[in-house]
Amino acid sequence: MSNPDTPPLLFGPYTAPDISDGWLVDHVDGSIEVGGWTNAPIPWPRRKKTGKHSLILCGDLIRAVMMESSAAVQHHWGVSEGTVWKWRHALGVGRVTPGTRDRLQTETGVPPEAAARGRKAAKSPEARAKLSASKTGKPAHPNTKSALLRSAKSPKPAGWGRRANQWMQDAKRNDTD
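Attention here is on the structure that accompanies the text. (Residues numbered from 1 in each chain as written. Predicted model: local features only at pLDDT ≥ 70, side-chain atom pairs only at ≥ 80, totals over all residues. Heavy atoms only, no water.)

Focus on the overall build of the protein chain
Okay, so step 1: A count of helical and extended segments in the protein chain gives 8 helices and 3 strands.
Okay, so step 2: Along its sequence from the N terminus, the protein chain presents helices and strands in the succession β-β-β-α-α-α-α-α-α-α-α.
Okay, so step 3: For the protein chain, the C-alpha radius of gyration of 21 Å lies well beyond 16 Å, the compact-globule estimate for 177 residues.
Okay, so step 4: Summarising its shape, the C-alpha atoms of the protein chain cover approximately 65 × 45 × 30 Å along the three principal directions.
Okay, so step 5: Out of the 177 residues belonging to the protein chain, those deemed buried represent 24%.
Okay, so step 6: Partitioning the contacts of the protein chain with sequence separation of at least 6, the portion at a separation of at least 24 is 51%.
Okay, so step 7: By element, 58% of the accessible surface of the protein chain is carried by carbon and sulfur atoms, the whole surface being about 12600 Å².
Okay, so step 8: Within the protein chain, one finds 27 positive and 16 negative side-chain charges whose respective centroids are separated by 13 Å. (Helix = DSSP H or I, 4+ residues; strand = E, 2+ residues; numbered from the N terminus. Rg over C-alpha atoms; globule rule 2.2 N^0.38 Å. Buried < 20%, exposed > 50% of the residue type's maximum accessible area, 1.4 Å probe, protein only. Contact = heavy atoms within 4.5 Å. Areas by Shrake-Rupley, 256 points an atom, 1.4 Å probe, with all protein chains shown as cover. Lys, Arg positive; Asp, Glu negative; His and termini not counted. Charge placed at Lys NZ, Arg CZ, Asp CG, Glu CD.)

See the structure below:
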């Protein structure tokens, strides 16, 4: 019998890749020599290197990262939340996957149609105006203010302005959807 606290895999089964020649192609780092297997609920090949061994992002693991909830990937492959975030970032996957959406619906009990209506209503001009009015005239929390000032004054990496401009343009495009 399965543990009710174990996040389910909704889009499996997932099978490990064939490592007959001892090498796999990692989605981020290219060709990697296999150094062994993890002892997670779903055993997966890990890279051979000195220090901490990490999983090779390939095959069905890519499919799982793109489809399953972060909690499910963390549990079944034995990785951290930060690792799943890095993988999603490398694969261009957003914060909400089909598995995440299902998990949120199950935990909150809010039907998907109602959640979609709520997201749409929150983006309406009336809702944005109401939120803006509720914040107008109220000072920012001292920690928020000091963190924003530190961030604004800190040196930025090369190409930061171009990337920030792109993020803002993408956000504007997504707000109109």
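Now that the structure has been shown, we can carry on.
Structural notes on the environment of Leu10
Okay, so step 1: Looking at the secondary structure, you find Leu10 in the segment before β1 (23-26).
Okay, so step 2: With a relative accessible area of 37%, Leu10 lands in the partly exposed category.
Okay, so step 3: In this structure the C-alpha to C-alpha distance between Leu10 and Arg103, which are 93 residues apart in sequence, comes to 9.8 Å.
Okay, so step 4: Every residue in contact with Leu10, bar those within four places of it in the chain, is listed here: Glu68, Gly99 and Asp102.

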